[in-house]
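Inside the fold
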Amino acid sequence: MLCPTVIGRGAELDALTGGLDRAANGTGGVTFLVGDAGVGKSRLAREATSVAASRGFEVLIGRATESTVPVPFRPITEALMKLARAGAAPDAPEMAKHLPALASLVPEWSRPLDEVAEISPLILGEALIRMLTSAGSNKATLLALEDLHWADPETLAIVEYLADNLADANAACVATVRDSEPSPGLDCLRSITARRAATCIEVSRLPDWAIRRMARECLDTERIPDGVTRLLADCDGLPFAVEELLAAAVSSGRLINAATGWQVNDEVTASVPASIAGSVRNRLTALGPAVADVLATAAVLGRKFDWTLLPGITGMAESQVLVALQRAQAMQLIEPISSSPNLFRYRHSLTRHAILSDLLPPDLARRSASAAAQIESAHPDLPGAWCELAAELHEAAGDRVRAAELLLLLGSRALRQGGLSTAITSLFDAHELIAAAPLAEPALAIEIDEALVDALAHAGDHGRLVPAAERLISELQAAGADPRRQALAMLTVARSDCEDHCGASAAQLESARAIADRLHDAELASRVDAAAACQAMRAGDLDGAERQARRALSVAEAADDRWAAAVAIESLEVIGSTERQRDIDAARAAFERAYQIATDWDFPIRRIMALHELGTVDMLIEGGTARLSEARDLAQTAGAISVATTIDLQLANSWSMQADLERALQAARQCEQGARRIAARRTEAMAINVQALVAAIRGDRAEAERGAARAESASSDHPEVLFSTWGLTRVTASLFLDDLLRALRESQMGISFGGDSALTSARRAWGIHALLRSTVGARGRAAIEQASAGGAAVGWNLGYLRYSQAVLEGREGNNDLATKLAEEASAHLASYAPWWNHLARRLVAPAALEDGWGKPAAWLREAAAEFQATGHPRLVSACRGILRRAGERVPRSGRGTAQVPAQMRRLGITSREMDVFLLVARGCSNAEIAERLFISPKTVETHIASLVAKTGQAGRRELVAHAARFDPAQLPSCYPRLTQEVTHRSSGFTRCAHKVRRANMDPYRGAARLPAETREVPRA
Ligand SMILES: Nc1ncnc2c1ncn2[C@@H]1O[C@H](COP(=O)(O)OP(=O)(O)OP(=O)(O)O)[C@@H](O)[C@H]1O
Ligand SMILES: [Mg+2]
């Protein structure tokens, strides 16, 4: 189970190859790779040797080995033996005086008449350097010395000599040393690096992402099975452990490679690989039974443990325990945690597992029980992590009820602090423990389920909430509990937004209302009102929602209590959402109040939800995403998955309007995963659709089409999803391929799914629709009105709607107004990716040319340059075609289309180089640039070299940093002003197109009736 590639070691490999470069140029040196056992030192050394071999180095390798009586110079001899075996001998005349020294290492090189050489490290070291530098005559040499922690002192002396004397040689030495235990080799390394005579690369443990990737590569799979993910946590960042644990899981048959991919057969736990268990056992045996006893109890407490508990649990004196710990520390089994005087930890989590796996079950249970008792007496309130540890220990000791009680305590605390994931996991665990407890505990079971339902409701995990709440309701009924408690459980179901349980939630609301009426309970009645308002809003009954919310709010305002605060927040959220359709400032005020109340009464999740709403308002008004991102991170940390995924979707949508499409994709993928986890299918589908939209913007129709279809099937053709897949994604794909007729058809299709309720999502579909209807379709004004009436006239959309109005005004001869509207439109689109503005201008330019408003020729030239840079050749030729037919100057093609700003022109930068520069600024790789500009990667390299030289940068990396200051959103402003004032010339073509368009009131009656410029565009 070896990982085929080296992961997460870019910087280390750079440092190693840097050393090789220097050696090749005659300035060699020693590089140490130092780190824990199994961290990947040898793997890096191996990479260095293979890079060296591929560059024509002579490569020599020697190892030190673990032995009680080390053989002097063993690693050096092993390395030189390779030369001897290959028949190389130091027989050049200048080597004569070094021959005796070398012969003492390699017997094959000794001559019958040699005197016994005086072997000092100095002489040997010098002889070795001579041999290394002459070994391959002009070739450079790499000497790799492995495991110097086991090396004999003589070898270490040679290494010191090499470190001090390789600087003028075309030879390099790479040496690996463990730092997990003291050794002469480690001391040697420290003294050499202290005087800066060698490079030292500290090889650290791999971060989580690299460990996950390693596992994927070891298993040769895209997706790591869930059971394996848990296993990886035990690897502590050690690549060796990853390979060992996976191999152990496979060989035990718990992880099998089935035809459908990897399957976890049984629960895969970190069964300790024999190699690790063996070494731990050896060390424990050497330490004796008292130390083993202390370490076993410590292992029961966890990887990290508080030593002050140990005397109480083991019954040993403090001083005895401390001696035992000291000895275990000397053996590298445990280490103190510097930040806290009482804490120690096992150096490797696998060491602890190895110790635990050697305990018999009754022994483990006994130790766990006394550890739990000791913790409860030392920390009676069980603050912080003590509660969780005590619960675990009680469970291990077999006391399920006490464990469940503690998990309930833990879950309720987490819930109060807004830690929803912890709360939900603990409460589910508590529920399972109590369900399996031999003596039923109905009151405790109800308490646990109440807390669980509360947590799931806050997390928005409606898929798991409804069954849990229904179970709770029947438990309450069976126990004859207070009807108020039953009503509250019903309300959680009523409030839930479960896509499959609409019927259930309406029924629960009615039952809760009946209880409130029967009890004449005003508080309960206002809670029912608030829940009813939520339900009405989801059903699209905005007036009803607002009415009930205001009623609940007024009752809540009169009471000064925690329940009233909760009702007030809930009502204000409904009020804010209904106001958002009419009066965005009123909406903001409502959400701000909700936020304030949530802060004052300490409702952390409600606070995040209010912040989310405020972030949404920001995004609608100014397009800013800062508050939204903040809310997202808070929601994620708190485990409010539903809120986090909703925000991910909003962010993905918002970023898909910006130039940073990668970020949009990332958020959309994250959202898709989160939504799938909580079975929110509509959100999942919308997230898939954003990914399809990004493909559409990139001009990849096939991918966009696949994504749209996937989104549709994920949501079983929900109308809101269809509205977006047709009205936004497919239309966008057609627009970026300049297939206007198809775009119009798709847009019409999308709108047909929209109805009026879809106005809140995928607003862009409305803006695009209005613009298509105003330019290539008919009844543009009606489309604009429809979009505005539905609240779509904000942000990005406003830009498209203004352009639509401009076209209509121009057509009526109101040219000044049209020009002004187009300017406003452009200003509205300024904060989005530049291509949206250019796309709109490409759509309106024919009308502007024909009717004589705006600056269509300049727009088209700018648009052509932008689309050239973004790799949209269809749009480039469309812009050029319109210009040509209108008799306007057409910018040069092929040689580069970007306009060169004055300061760059002064540096001698050509238009083609500017194209490359703009793509560099967007973070494109050479291969991507080559593909977009239809040139070879080699040519791209040449352009980049020239740009580096002309801009005076040190290299590509600096050029990228320099180019990155040309923010893509600002690109239009770095084009120079076009000197030629655009003059409108109404050519025969445009007049003719004008007539065709006027006659064409129905865009579906065939292409012959469409405006000429749309017909002439090449199709896919
Ligand atoms: N960055 C990495 N990516 C993928 N696999 C790795 C990486 N680093 C190490 N490995 C793999 O992990 C295993 C252990 O690595 P390696 O033998 O290099 O450790 P080491 O530090 O030399 O350990 P020791 O001190 O025991 O010699 C090897 O099989 C190696 O191929
Ligand atoms: Mg090694």
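Residues numbered from 1 in each chain as written. Chains lettered and ligands numbered in written order. Predicted model: local features only at pLDDT ≥ 70, side-chain atom pairs only at ≥ 80, totals over all residues. Heavy atoms only, no water.

**Notes on the overall build of the chain**
When helices and strands are counted, the chain shows 50 helices and ten strands. Taking all 1020 residues of the chain together, 53% fall into the buried category. Partitioning the contacts of the chain with sequence separation of at least 6, the portion at a separation of at least 24 is 66%. Element-wise, carbon and sulfur atoms account for 52% of the exposed surface of the chain, whose accessible area totals about 43800 Å². (Helix = DSSP H or I, 4+ residues; strand = E, 2+ residues; numbered from the N terminus. Buried < 20%, exposed > 50% of the residue type's maximum accessible area, 1.4 Å probe, protein only. Contact = heavy atoms within 4.5 Å. Areas by Shrake-Rupley, 256 points an atom, 1.4 Å probe, with all protein chains shown as cover.)

**Notes on the packing of helix 37 (residues 780-789) against helix 38 (residues 795-811)**
Where helix 37 meets helix 38, the closest approach of the two axes is 10 Å, and the angle between their N-to-C directions is 150°. Taken together, the axes of helix 37 and helix 38 lie roughly antiparallel to each other. As helix 37 packs across helix 38, the resulting crossing turns out to be left-handed. Across the interface between the two elements, Gly-780, Arg-781, Ile-784, Ala-787 and Ser-788 of helix 37 pack against Leu-801, Ser-804, Gln-805, Leu-808 and Glu-809 of helix 38. Considering only residue class, the contact of helix 37 with helix 38 consists of four nonpolar, four polar and two charged. (Axes fitted to C-alpha atoms, helices over the stretch in contact; angles between N-to-C directions. Parallel < 35°, antiparallel > 145°, perpendicular 65-115°, else oblique. Left-handed = near helix turned anticlockwise from the far one by under 90°. Nonpolar A, V, L, I, M, F, W, Y, C, P; charged D, E, K, R; others polar.)

**Notes on a negative patch on the surface**
There is a patch of like negative charges on the surface, built from Glu-388, Glu-392, Glu-395, Asp-429 and Glu-432. Elements supplying a minimum of two residues to the negative patch: helix 17 (385-396) and helix 19 (420-436). No other element matches helix 17, which puts three residues into the negative patch. Positionally, Glu-392 belongs in helix 17. Judged by its relative accessible area of 47%, Glu-392 is partly exposed. (Patch = residues over 30% accessible without salt bridge, like charges linked within 9 Å, V, L, I, M, F, W, Y side chains within 5 Å. Salt bridge = Lys/Arg side-chain N within 4 Å of Asp/Glu carboxyl O. Lys, Arg positive; Asp, Glu negative; His and termini not counted. Charge placed at Lys NZ, Arg CZ, Asp CG, Glu CD.)

**Considerations on the packing of aromatic side chains**
Given two aromatic rings, their pairing is described by the distance between the two centres and the angle made by the two planes. Within this structure, the stated rule accounts for eight aromatic pairs. For the pair Phe-305 and Phe-344, a centre-to-centre distance of 6.0 Å together with 15° between the ring planes defines the contact as stacked. Here Phe-305 is found in strand 8 (residues 304-306), whereas its partner Phe-344 is found in strand 10 (residues 343-346), with 39 residues between them in sequence. In terms of burial, Phe-305 and Phe-344 fall into one category: buried. Residues Phe-723 and Trp-766 carry aromatic rings whose centres are separated by 5.8 Å and whose planes lie at 40° to one another, so their mutual orientation is tilted. With a gap of 43 residues between them, Phe-723 in helix 34 (residues 719-736) and Trp-766 in helix 36 (residues 764-775) connect regions that are remote in the sequence. Each of the two residues, Phe-723 as well as Trp-766, counts as buried. Ring pairs connect the aromatic residues Phe-736, Trp-796, Tyr-800 and Trp-836, which therefore count as one cluster. Between the NZ or CZ atom of Arg-562 and the centre of the ring of Phe-603, over which it lies, the distance is 4.0 Å. When the ring centre of Trp-726 is taken as origin, the NZ or CZ atom of Arg-730, which lies over that ring, is 4.1 Å away. (Phe/Tyr/Trp six-rings, centres within 6.5 Å; stacked < 30°, edge-to-face > 60°. Lys NZ or Arg CZ within 6 Å of the ring centre and 35° of its normal.)

**Notes on the packing of helix 26 (residues 562-579) against helix 28 (residues 604-622)**
The geometry of helix 26 relative to helix 28 is characterised by a closest axis approach of 11 Å and an angle of 10° between their N-to-C directions. The angle between the axes of helix 26 and helix 28 places the two elements in the roughly parallel class. Regarding helix 26 and helix 28, the two cross each other, and that crossing is left-handed. Where helix 26 approaches helix 28, its residues Ile-569, Glu-570, Glu-573 and Ser-577 are matched on the opposing element by Arg-606, Met-609, Ala-610 and Glu-613. Residues of the contact of helix 26 with helix 28, tallied by class, amount to three nonpolar, one polar and four charged.

**Quick look at the site of ligand 1**
Residues in contact with ligand 1 amount to 21 residues; listed here are only the nearest, Gly-38, Lys-41, Ser-42, Arg-43 and Glu-243. Contact between ligand 1 and Gly-40: an oxygen atom at 2.9 Å from a main-chain N or O atom of the residue. With respect to ligand 1, the side chain of Arg-178 contributes an N or O atom lying 2.8 Å from an oxygen atom. In the complex, 88% of the free accessible area of ligand 1, which totals 630 Å², lies under the protein chains. Breaking the shell around ligand 1 down by element, the ones donating at least two residues are helix 2 (41-54) and helix 10 (239-251). No other element matches the four residues that helix 2 contributes to the shell around ligand 1. Of the residues contributing to the shell around ligand 1, the split by class is nine nonpolar, four polar and eight charged. (Near = heavy atom within 4 Å. Polar contact = N/O pair within 3.5 Å; in protein donor to acceptor, adjacent residues only side chain to side chain.)

**So, the sheet that holds strand 3 (residues 141-146)**
Strand-to-strand pairing in sheets goes through backbone hydrogen bonds, with the strands running parallel or antiparallel. Read across the sheet, five strands follow the order 2-3-4-1-5 without closing on themselves; strand pairing throughout is parallel. Edge positions in the sheet fall to strand 2 (58-63) and strand 5 (199-202), since each has one partner strand and no second. On average, each strand axis in the sheet is inclined to that of its neighbour by 15°, with strand direction left out of account. The pairing of strand 3 with strand 4 (residues 171-178) spans five bridges and is parallel. Each residue of the ladder has a partner; that of Leu-142, found in strand 4, is Ala-172. The strands touched by helix 2 are strand 1 (29-35), strand 2, strand 3 and strand 4; relative to strand 4, the strand with the most contacts, the crossing angle is about 165°. (Pairing = 2+ DSSP bridges.)

**What about the confidence of the model for the chain?**
Per-chain confidence: the chain averages 84 in pLDDT, with 90% of residues scoring 70 or above. Note on residues 967-1020: pLDDT under 50 across the span, and 86 contacts to partners over four residues away in sequence or across chains. (pLDDT = per-residue confidence, 0-100.)

**Side note on helix 37**
In an α-helix, one full turn covers 3.6 residues, which means residues spaced three or four apart are oriented alike. Among all positions in helix 37, only Gly-780, Ala-783, Ile-784 and Ala-787 are buried. Each buried residue of helix 37 sits inside an arc of 100° when the element is viewed along its axis, so together they form one side. More than 90 degrees from the buried face of helix 37, the exposed residues found are Glu-785 and Ala-789. Those residues of helix 37 that are buried lie in contact with helix 36 and helix 38. (Arc of directions from axis to C-beta.)

**Brief notes about the pattern of salt bridges**
Under the counting rule described, the total for this entry stands at 59 salt bridges. A salt bridge links Arg-527 to Glu-523, with the nearest nitrogen and oxygen atoms 3.5 Å apart. You can see Arg-527 and its partner Glu-523 sitting in helix 24 (residues 522-538), four residues apart, about one turn around the helix. Because the salt bridges share partners, they merge into one network encompassing Arg-701, Glu-705, Glu-712, Arg-730, Arg-742 and Glu-746.

**Notes on the sheet that holds strand 9 (residues 334-336)**
Read across the sheet, three strands follow the order 8-10-9 without closing on themselves; strand pairing throughout is antiparallel. In this open sheet, the two strands that pair with only one neighbour each are strand 8 and strand 9. In this sheet, neighbouring strand axes are inclined to one another by 30° on average, regardless of whether the strands run parallel or antiparallel. Bridging between strand 8 and strand 10 involves three bridges; their strand directions are antiparallel. Each bridged residue has a counterpart across the sheet, and for Lys-304 the counterpart in strand 10 is Arg-345.

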